[in-house]
Amino acid sequence: PVRIADFTAYPDPFQYGHNDLQVVVEKHDNAVASAVRWLATRASNARMTGSGACVFASFSTYSAAQKVVNDAQHENWSSHCISGLKNHPLIDFAM
């Protein structure tokens, strides 16, 4: 089983694990493969969600992420820049 400690043991938690479907989807869907490759040229941790509805990456600064969002719009892709949360919104509920 995976435990929270498994995630925090990595210097960059976005490098933890992998998506088993990504290789299969990229092989059969050129649009997803192209989007992952494009994003991977801008972020070393580019990944695909679930079965390929979205691709994502983390950035060290909001401005770096926003630049990629702007570049993605030139590719006619819908793109968004989202800030992460330091704590889950329900952290107090769990304590």
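Residues numbered from 1 in each chain as written. Predicted model: local features only at pLDDT ≥ 70, side-chain atom pairs only at ≥ 80, totals over all residues. Heavy atoms only, no water.

**A word on unusual backbone geometry**
- Even without being glycine, asparagine 76 reaches a positive phi, approximately 65 degrees.
- In this fold, asparagine 76 is placed in the loop between helix H4 (62-74) and helix H5 (91-94).
- Its relative accessible area of 72% is what places asparagine 76 among the exposed residues. (Helix = DSSP H or I, 4+ residues; strand = E, 2+ residues; numbered from the N terminus. Buried < 20%, exposed > 50% of the residue type's maximum accessible area, 1.4 Å probe, protein only.)

**Here we look at the pattern of salt bridges**
- In total, this model carries one salt bridge according to the counting rule given.
- For aspartate 71, the salt bridge goes to lysine 67, with nearest N and O atoms at 3.1 Å. With aspartate 71 and lysine 67 both in helix H4, this residue pair falls four residues apart, about one helical turn.
- By relative accessible area, which is 51% here, lysine 67 ends up exposed. (Salt bridge = Lys/Arg side-chain N within 4 Å of Asp/Glu carboxyl O.)

**Side note on H4**
- Between the first and last C-alpha of H4 there are 19 Å, a value that for 13 residues agrees with the 18 Å anticipated at 1.5 Å per step.
- If you check which residues of H4 are buried, you get Ala65, Val68, Val69 and Ala72. Projected down its long axis, H4 shows its buried positions confined to an angular sector of 105 degrees, all on one face. Turned more than 90 degrees away from the buried face of H4 sit Ser63, Lys67 and His74, all of them exposed.
- The positive-phi residue at the C-terminal boundary of H4 is asparagine 76, with phi of around 65 degrees. (Expected span 1.5 Å × (residues − 1). Arc of directions from axis to C-beta.)

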